[in-house]
Amino acid sequence: MSNINFALKRHFGYDTFRPQQREIVLNVLDGKDTFVLMPTGSGKSLCYQLPAVASDGVALVISPLIALMKDQVDSLIQNGIQAAYINSTLNKDEIRTIMTDAKSGMLDILYVAPERLSINDFQEFLQSLSISLIAIDEAHCISEWGHDFRPEYRNLRQFKSMFPGVPIIALTATATEKVRKDIIYQLSLDDPEIFISGFNRENLTLNVYPKKNAYGTITKLLDKYKGESAIIYCFSRKNTEELAYDLAEDGYCALAYHAGLDPVTRKKNQEAFVADRVDIIVATIAFGMGIDKPDVRLVIHHTLPKSLEGYYQEIGRAGRDGLPAECVMLYSYGDKTKHEYFFRDIKDNKERDNARIKLQQVIDYASLRSCRRKHILEYFGENYESENCGGCDICMNPSEMFDATEITQKILSACIRTGNRFGKNYLIDILKGKKTDQVLRNKHHDLSVFGIVSDYTRDQLKDIVSMLIPTGYMSIRKGEYPTLSVTRKAAEWLNDKNAKIELPKIKGTVIDAYREVSEEFGFDAGLFAKLRELRKNIANDKGVPPFIVFGDVSLREMARFMPQTRQEFSRISGVGSQKLKLFGDAFLSVISKYRQDNGVSPMSFPSMPSARTRIRKGSAGADSRYQKTKELLEQKKSLKDIAAAHGFTVGTILSHIERLIAVGEKLDLAYLMPNQKTFDAVSEALDVCGDETLGPVFKHLDEKYSYDTIKLVRLLRRF
Ligand code: ADP
Ligand code: MG
Ligand code: ZN
């Protein structure tokens, strides 16, 4: 085992690095400036915490949120790492003690609130230290271009000159190109190594349900995540209180949270949530900034969020521990007017227009008939190749198809005849034969397509038009009045006498209420509950949140492998040397008692640690789907058969296989080998074009081989 892998296990209890962590840690240890852009929950803290314990001197960490500082330090201390923080919650004496500790070289990590840095004495103090590295968390706070600018962060600009030669690592989850450049410029980072990973949060399921009987939908969802943490975002303070009240009446453990509560109640409610004393928080968007609770399993938006950026940030609070979590948006077109009502108060014209555009983008998202993940990632400028994400309501409930050939021909003709310059509503006016002023003015009531559709309602037509955009038949020109035009693909399609098109039928809500997590992940639910209880008690005694003792990932592993000795216990993810010492015996005795009382036997420990790294990334239910794929592969079924068994595409099955291999599953895939000629041709194209993106390979092969074939060859080549 290499040194840093050893340090990872010893100090943090993890067997493997998450993607990019290792490279980042090595880069920092190498003394280089580093910029990290990774989504929430991807494990950014470790990128500076591990170098901090692995090098001499003290690491300085700047972080904007005081509450988080305490959690982070508590968590480090439980791992046996010497850490402390200095911020306004401490008194003078406490601060003096910590400063003395830091000077004496006792500390590995010191968290500091940014406003401290404007104090002269404090600067002198910092310069008296032997600093190993400087980490700037939430680095976007330094940029006025970001969404969360904090003037105190401007103090950080002096770091490079104050501490020449000390590596700086800046980390953020939200940064556009502009903000990214600004951060690097403001901090004067010296030719930094830049690590950017995608925005995709694979463990989040993205669902949108129509808002009919909202309360019933919400309780159904809460039942599904009984006893676990959930956040419900509401439109107004009043809504949050009413909903929290109703839920409490019905026996749900729920509290409200909004900016109008007095600070003491607000703090109390938040703490109750963090300490697992209350399961559900019903909040306005004000909630969530100051907490880092890793085990939120469900986030519901009771009303439309104001923007997709905001939405992604809010749902980002779900599943930070990497375990599956579900995000549900309840959507009714009527909610739009609620928001718009408030837009009228916005004085600035540009700002108001902008608010409208942002809201429209949310509505577009909610009305999608194609993969939501793909849409949102593309919104953030990222490509998403997979045809079926396996983790949104659209991909998981493929609709029945209907023959949409004729109606599509009519829609496209109307678009062409009116000159490709009108929006959806106007086209529908034409098709339905509505003589509006605008139609009459343009003399479009003379067109042959005028009034040609009688067998579809306006709403159905809207849905169909919405589907023609992502399928590439129509393109939309965004602007104040978005207009539609017919694409070249559609023009060719219209010319082809034999062309057909099928589209999914519109459907109602499908809430999959069945969720037996313990079965899916193969752990003992009864033991898990006992372990949670123990965790809560220990946390209470220590005055820290339960997740600081152990995360759900650790407890699930304990409830699966049921370790009996300290040695076995140490192999659980999240158990480092300190936690083994502190908590090992307590957990072992609960496990052993449970085994005796219930006569249960554990899953045996796999021999290789890497084989134990089960598939954590993946949406709710993903694990069982992967297992199914694996089993069918073992039965040597064809890719087509496996796809049919799941109701997925072959492309998705290939993605499953890639993922299975990535987590160390041993699969025998030789039987999937295509004929030699195909393999050689595709393989050669992969050599020429590289195998990261498949578009160029497809073109290089004159579109003769399908994407699935290319993907398969790419997969087989990697052995
Ligand atoms: P971020 O700051 O990027 O939002 P965090 O640093 O808070 O993410 O980490 C999110 C979660 O991931 C934490 O619960 C952390 O313990 C866990 N984690 C981080 N690195 C690893 C790893 N290598 N293996 C397992 N869990 C990890
Ligand atoms: Mg963080
Ligand atoms: Zn999807």
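Cut-offs and rules
- Residues numbered from 1 in each chain as written.
- Chains lettered and ligands numbered in written order.
- Predicted model: local features only at pLDDT ≥ 70, side-chain atom pairs only at ≥ 80, totals over all residues.
- Heavy atoms only, no water.
- Helix = DSSP H or I, 4+ residues; strand = E, 2+ residues; numbered from the N terminus.
- Rg over C-alpha atoms; globule rule 2.2 N^0.38 Å.
- Contact = heavy atoms within 4.5 Å.
- Areas by Shrake-Rupley, 256 points an atom, 1.4 Å probe, with all protein chains shown as cover.
- Lys, Arg positive; Asp, Glu negative; His and termini not counted.
- Charge placed at Lys NZ, Arg CZ, Asp CG, Glu CD.
- Phe/Tyr/Trp six-rings, centres within 6.5 Å; stacked < 30°, edge-to-face > 60°.
- Lys NZ or Arg CZ within 6 Å of the ring centre and 35° of its normal.
- Near = heavy atom within 4 Å.
- Nonpolar A, V, L, I, M, F, W, Y, C, P; charged D, E, K, R; others polar.
- Core = buried A, V, L, I, M, F, W, Y, C linked by side-chain atoms within 4.5 Å.
- Buried < 20%, exposed > 50% of the residue type's maximum accessible area, 1.4 Å probe, protein only.
- Pairing = 2+ DSSP bridges.
- Axes fitted to C-alpha atoms, helices over the stretch in contact; angles between N-to-C directions.
- Donors = N, O, S within 2.8 Å, 3.2 Å for Na, K, Ca; no water.
- Tetrahedral: all angles 85-135°; square planar, octahedral: opposite > 155°, others 65-115°.
- Parallel < 35°, antiparallel > 145°, perpendicular 65-115°, else oblique.
- Left-handed = near helix turned anticlockwise from the far one by under 90°.
- Patch = residues over 30% accessible without salt bridge, like charges linked within 9 Å, V, L, I, M, F, W, Y side chains within 5 Å.
- Salt bridge = Lys/Arg side-chain N within 4 Å of Asp/Glu carboxyl O.
- Right-handed = clockwise from strand over helix to strand, strands pointing away.
- Polar contact = N/O pair within 3.5 Å; in protein donor to acceptor, adjacent residues only side chain to side chain.

J.: I'm lost on the overall build of the protein chain in this one. Help?
T.: Per the secondary structure count, the protein chain includes 34 helices and 17 strands. In terms of overall dimensions, the protein chain is globule-like: its C-alpha atoms have a radius of gyration of 28 Å, near the 27 Å expected for 719 residues. On the principal axes, the C-alpha backbone points of the protein chain span a range of 85 × 65 × 60 Å. A fraction of 71% describes how many contacts in the protein chain between residues 6 or more apart in sequence connect residues 24 or more apart. Of the roughly 33400 Å² that the protein chain leaves accessible, carbon and sulfur atoms contribute 49%. Computing the positive centroid from 99 side-chain charges and the negative centroid from 94, the protein chain places the two 3 Å apart.

J.: Whenever I open this one, the packing of aromatic side chains confuses me. Can you help?
T.: Scanning all chains against the criterion turns up 16 aromatic pairs. For the pair tyrosine 379 and phenylalanine 380, a centre-to-centre distance of 5.4 Å together with 75° between the ring planes defines the contact as edge-to-face. Three or more aromatic residues link up through ring pairs in this structure, and these residues are Phe199, Tyr312, Tyr379 and Phe380. Above the plane of the ring of phenylalanine 235 lies lysine 338, whose end atom (NZ or CZ) is 5.2 Å from the centre. Here arginine 372 stacks its cationic end above the ring of tyrosine 365, 5.7 Å away from the centre of that ring.

J.: So what exactly am I meant to see when it comes to the site of ligand 1 here?
T.: Near ligand 1 there are 13 residues, and of these Tyr14, Gly41, Lys44, Ser45 and Arg320 occur at the shortest range. Burial of ligand 1 by the surrounding chains reaches 82%, relative to a free accessible area of 570 Å². The residue inventory of the shell around ligand 1, partitioned by class, reads three nonpolar, seven polar and three charged.

J.: Looking at this structure, how should I read the nonpolar core?
T.: Here is a general trend for soluble globular proteins: nonpolar side chains tend to be buried in one another's company. The biggest cluster of nonpolar side chains holds 71 residues, and the ones touching the most others in it are Phe287, Tyr365, Leu531, Phe550, Met558 and Phe587. Counting residues per element, this core draws most heavily on helix 27 (residues 577-598), which supplies seven residues. Setting aside chain neighbours within four positions, we find tyrosine 365 in contact with Leu206, Val208, Leu308, Tyr311, Met329, Arg372, His375 and Ile376.

J.: What's the story with the sheet that holds strand 9 (residues 229-233) in this structure? I'm lost.
T.: Taken in spatial order, the six strands line up as 8-13-12-9-11-10 in an open sheet, and their pairing is parallel. Looking along the sheet, the strands with just one partner apiece sit at the ends: strand 8 (204-210) and strand 10 (254-257). Adjacent strand axes in the sheet meet at a mean angle of 20° when their direction is disregarded. The sheet contacts of helix 10 (residues 237-249) involve strand 9, strand 10 and strand 11 (280-283), and relative to strand 10 the element is tilted by about 170°.

J.: Where do I start with the coordination of the zinc ion (ligand 3) in this structure?
T.: Where a metal carries four tetrahedral donors, each ideal angle is 109.5 degrees; where it carries six octahedral donors, the ideal angles are 90 or 180 degrees. Within the protein, Cys371 (SG), Cys389 (SG), Cys392 (SG) and Cys395 (SG) serve as the donor atoms for the zinc ion (ligand 3), at 2.3 to 2.4 Å. Coordination at the zinc ion (ligand 3) is tetrahedral, judged from the four donor atoms that bind it and the angles of 102 to 118° they form at the metal. Sequence spacing among the residues donating to the zinc ion (ligand 3) works out to C-x17-C-x2-C-x2-C. Taken together, the positions of cysteine 371 in the loop between helix 14 (349-366) and helix 15 (372-379) and cysteine 392 in the loop between helix 15 and helix 16 (393-396) put the pair 21 residues apart, joining distant regions of the chain. Judged by relative accessible area, cysteine 392 falls into the buried class, the value being 0%.

J.: Please explain the packing of helix 18 (residues 424-432) against helix 20 (residues 458-468) as it appears in this structure.
T.: How two helices sit against one another is set out by the angle between their axes and by the gap between those axes. One can describe the packing of helix 18 onto helix 20 by two numbers: an axis separation of 10 Å at closest approach and a directional angle of 130°. By the angle between their directions, the pair helix 18 and helix 20 is classed as oblique. For the pair helix 18 and helix 20, the crossing hand works out as right-handed. Here Lys424, Asn425, Ile428, Asp429, Leu431 and Lys432 of helix 18 lie close against helix 20, whose contacting residues are Arg458, Leu461, Lys462, Val465 and Ser466. Taken together, the residues of the contact of helix 18 with helix 20 break down into four nonpolar, two polar and five charged.

J.: Help me understand a negative patch on the surface, please; the structure alone is not making it clear to me.
T.: On the surface, a cluster of negative charge is made up of Asp348, Glu351, Asp353 and Glu480. Positionally, aspartate 348 belongs in the loop between helix 13 (335-343) and helix 14.

J.: What should I look at first to understand the sheet that holds strand 4 (residues 109-112) in this one?
T.: Two orientations exist for strands paired in a sheet by backbone hydrogen bonds: parallel and antiparallel. Taking strand neighbours across the sheet as the criterion, the seven strands line up as 3-4-2-5-6-1-7 in an open arrangement whose pairing is parallel. Looking at strand neighbours, the two that pair on one side only are strand 3 (83-86) and strand 7 (193-196), the edges of this open sheet. Between one strand axis and the next, the sheet turns through 15° on average, direction left out of account. The sheet strands contacting helix 5 (residues 92-103) are strand 3 and strand 4, and the helix crosses strand 3 at an angle near 135°.

J.: Just checking my understanding: could you explain helix 1 (residues 3-12) for this structure?
T.: Because an α-helix completes one turn every 3.6 residues, residues spaced three or four positions apart along the sequence face the same direction. In terms of burial, helix 1 is a largely internal element, seven of the ten residues being buried. Looking only at helix 1, the buried set comprises Ile4, Asn5, Ala7, Leu8, Lys9, His11 and Phe12. Against helix 2 (21-29), helix 3 (45-54), helix 4 (66-78) and helix 27 lie the buried residues of helix 1. The positive-phi residue at the C-terminal boundary of helix 1 is glycine 13, with phi of around 80°.

J.: Is there a simple way to think about the pairing of strand 5 (residues 131-136) in this case?
T.: When a strand is regular, its side chains alternate between the sheet's two faces. Counted residue by residue, strand 5 has six buried out of six residues, so it is predominantly covered. As paired strands, strand 5 and strand 6 (residues 168-172) are joined by three bridges and run parallel to one another. Bridged to isoleucine 136 within strand 6 is alanine 170.

J.: Would you mind going over the pairing of strand 13 (residues 325-331) with me for this structure?
T.: Summarising burial for strand 13: seven of the seven residues are buried, a large majority. Burial along strand 13 is two-sided: the residues Ala325, Cys327, Met329 and Tyr331 and Glu326, Val328 and Leu330 are all buried. Bridge count between strand 8 and strand 13: seven bridges; the pairing is parallel. Across the sheet, proline 210 pairs through a bridge with tyrosine 331, a residue of strand 13. In this structure, strand 12 (residues 296-301) lies alongside strand 13, joined through four bridges in parallel fashion. Bridge pairing in strand 13 places isoleucine 300 opposite valine 328. Following the backbone out of strand 12, through helix 12 (residues 308-315) and into the adjacent parallel strand 13, one traces a crossover that is right-handed.

J.: Sorry if this is basic, but what is going on with the pattern of salt bridges here?
T.: Pairing between side chains of opposite charge can happen when their charged atoms approach one another. The tally for this structure, following the rule as stated, stands at 29 salt bridges. For aspartate 335, the salt bridge goes to lysine 211, with nearest N and O atoms at 2.8 Å. You can see aspartate 335 sitting in helix 13 and its partner lysine 211 sitting in the loop between strand 8 and helix 9 (214-224), a full 124 residues away along the chain. Taken as a pair, aspartate 335 and lysine 211 share a single burial class, namely buried.

J.: What should I look at first to understand the packing of helix 12 against helix 15 in this one?
T.: Their axes nearest at 11 Å, the elements helix 12 and helix 15 cross at an angle of 115°. With respect to the hand of their crossing, helix 12 and helix 15 are arranged in left-handed fashion. Taking contact as the criterion, the partners of Leu308, Glu309, Tyr311 and Tyr312 in helix 12 are, on helix 15, Ile376, Leu377 and Tyr379. For the contact of helix 12 with helix 15, the class distribution of residues is six nonpolar, no polar and one charged.

J.: Got a minute to help me understand the environment of glutamate 382 in this structure?
T.: Counting through the fold element by element, glutamate 382 comes out in the loop between helix 15 and helix 16. Expressed as a C-alpha distance, the spacing of glutamate 382 and asparagine 87, which sit 295 residues apart in the sequence, is 38 Å. Apart from residues lying up to four places away in sequence, glutamate 382 is in contact with Gly198, Phe199, Asn200 and Leu377. Only 2.7 Å separates the side chain of glutamate 382 from the backbone nitrogen of phenylalanine 199, close enough to count as a polar contact.

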